[in-house]
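Descriptive analysis of the structure
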Protein chains: 2
Amino acid sequence: MTGLQLLPIPGIPEVRPGDDLGALVADGALASVGLLDGDVVVVTQKVVSKAENALVAIDPTDPHAHRRLVAGQSRRILRRRGDLVISETHHGYVCANAGIDVSNVEPGTAALLPEDSDRSARRLRDVFVHRYGIACGVIVSDTFGRPWRRGVTDVALGSAGIRPILDLRGTNDALGRELAVTEVGLVDELAGAADLVMGKSSGIAAAIVRGVEPAWLDVSDLDVDGVVPNIVRSPAEDLFR
Amino acid sequence: MTGLQLLPIPGIPEVRPGDDLGALVADGALASVGLLDGDVVVVTQKVVSKAENALVAIDPTDPHAHRRLVAGQSRRILRRRGDLVISETHHGYVCANAGIDVSNVEPGTAALLPEDSDRSARRLRDVFVHRYGIACGVIVSDTFGRPWRRGVTDVALGSAGIRPILDLRGTNDALGRELAVTEVGLVDELAGAADLVMGKSSGIAAAIVRGVEPAWLDVSDLDVDGVVPNIVRSPAEDLFR
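Residues numbered from 1 in each chain as written. Chains lettered and ligands numbered in written order. Predicted model: local features only at pLDDT ≥ 70, side-chain atom pairs only at ≥ 80, totals over all residues. Heavy atoms only, no water.

Topic: the environment of B:Arg233
Topologically, B:Arg233 is positioned in the segment after helix H6 (227-230). When the C-alpha positions of B:Arg233 and B:Val94 are compared, they lie 9.4 Å apart, and in sequence the two are 139 residues distant. Setting aside chain neighbours within four positions, we find B:Arg233 in contact with A:Arg146, A:Pro147, A:Trp148, A:Arg149, A:Arg150, B:Asp238 and B:Arg241. (Helix = DSSP H or I, 4+ residues; strand = E, 2+ residues; numbered from the N terminus. Contact = heavy atoms within 4.5 Å.)

So, in structure tokens, the structure goes:
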């Protein structure tokens, strides 16, 4: 392990519904930091939602419009405080306001989460692999709060071609005993790392994590690739629902 | 922003109580990847606990020993399932088994969390700044699980000389409107990023994040520096306690 690079991809124009996002990201990368076999490309949810037209009109003069929208995107409300709603979305994510965002979109518009972020990641990866000939992993990232700790961090909504969980079961610690802590939330650490070069206000919509272990991109033994089947906990398995 | 580097620091020997950890980390860095003004040095809790002798004997034949130890390090038990206890530690962290770890320590021994991880980070930083002349930030990291999502990720237990939270209030989004999501858990994203080059089993105990925004290392306007005052949520503020 000689180190990793976190590289922002500049030059991605404002994304509009129907845009070929894979090409915009790949061309932005090729014109700047390059795009290499073994890269992990992290693309923010916002531009994925825009390209997929996961946008809805919202009346900014109606104080209840946002709340209705959040309820419609949720299968279960967990907590409410003032304007803040923590819910479980139809996809299974637990987050604030069902991931609906009104920043960085046109006024009077709200961006919903992609319908299926793992599928979104697969489609982006298909562009990189089949059209550009680059074998890379793809993560669709979003910014979530969390219990216990202040501050938001970026996590993975969807992924393709990169192990969501790094399973260290059966490996030994530095003193030769089997490790107790075994499953690393790899795609979430990658998404958070990528956010360090994207920022929230700089208009950088994608980044590359370069130099990861090649084994991290081998998903051939997974029953199903992606974040939702591998990372999202079912309520029954969760100690806090 | 031209990108960040995540650099593992090799060559840190097995750490023993009383060792000068700051010197071990700095010498390891200087002999390999270097140590530069503006670097963020991330050091894992395990070696901090060892250097500070936060180790206790534990009878591996006593099935209740571990549970008693966890209870003694906790001010409140939140959930219990089988051998797993989620508690609020005396420091205020919410984590599994009060952060007590029996991997990567000698058999019959358990490593507790440092008494005050922000102080630990400050002391390490004092070594780097005053003995080596390097103005860097320091994070003490640990591996925590989280609700809603499978997999553990590294977060910051303590920090010094690096903004725990990046406050984007008052900045505008790419379309010029004020951002709604405002406070980024910067030290947690940095800790998780550093874990990508440390792994759990490779014996790498520290890493450098190189190339961060210089403003991230300016903590002069904070009332108090550190993770506990800035990141750890009080129960009253938390929607899930």
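Some words on the interface of chain A and chain B
On the side of chain B, 73 residues touch chain A, which itself brings 73 residues to the contact. Summing the contributions of chain A and of chain B, the shared interface buries around 6,500 Å²; its carbon and sulfur component is 58%. Of all residues in chain A, A:Trp148, A:Arg149 and A:Arg150 bury the most surface against chain B, accounting for 15% of the area lost on that side. Applying the counting criterion to the chain A and chain B interface returns 6 salt bridges. Between B:Arg146 and A:Asp188 there is a salt bridge, with its nearest N and O atoms 2.5 Å apart. The set of elements that each furnish at least two residues to the side of chain A that touches chain B consists of strand S1 (4-8), strand S4 (74-81), strand S5 (84-89), strand S8 (137-144), strand S9 (153-160), strand S11 (183-184), helix H5 (186-195) and helix H6 (227-230) of chain A. Sorting elements by how many residues they give to the side of chain A that touches chain B places H5(A) first, with 7 residues. Along the lines of polarity and charge, the residues of the side of chain A that touches chain B split into 39 nonpolar, 15 polar and 19 charged. (Buried area = accessible area lost by both parts, 1.4 Å probe. Salt bridge = Lys/Arg side-chain N within 4 Å of Asp/Glu carboxyl O. Nonpolar A, V, L, I, M, F, W, Y, C, P; charged D, E, K, R; others polar.)

Here we look at the environment of B:Asp167
Residues and elements named next belong to chain B. Considering the arrangement of structural elements, one finds Asp167 in strand S10 (residues 166-167). The partly exposed category is assigned to Asp167, whose relative accessible area is 33%. Linking Asp167 and Gly82, residues 85 residues apart in sequence, is a C-alpha distance of 40 Å. (Buried < 20%, exposed > 50% of the residue type's maximum accessible area, 1.4 Å probe, protein only.)

Re the pairing of strand S5 (residues 84-89) of chain B
Residues and elements named next belong to chain B. Of all 6 residues in S5, 5 are buried, a share of seventy percent or more. In terms of strand pairing, strand S4 (residues 74-81) meets S5 through 6 bridges, oriented antiparallel. Pairing of Arg79 across the sheet is with Ile86, part of S5. Where S4 folds back onto S5 in an antiparallel hairpin, the turn is made up of 2 residues, including Gly82, whose phi is positive at roughly 60 degrees. Turn length for the S5-strand S6 (residues 94-96) hairpin, with the two strands adjacent in sequence and antiparallel, is 4 residues, and the turn residue Gly92 shows positive phi of about 115 degrees. (Pairing = 2+ DSSP bridges.)

Observations regarding unusual backbone geometry
All names here are of chain B. For Asn97, which is not glycine, the phi torsion reads 55 degrees and is therefore positive. Relative to the helices and strands, Asn97 is located in the loop between S6 and strand S7 (109-111). Accessibility expressed as a relative area gives 16% for Asn97, which makes it buried. Non-glycine residue Ala98 carries a positive phi angle of around 55 degrees. Tracing the sequence through the fold places Ala98 in the loop between S6 and S7.

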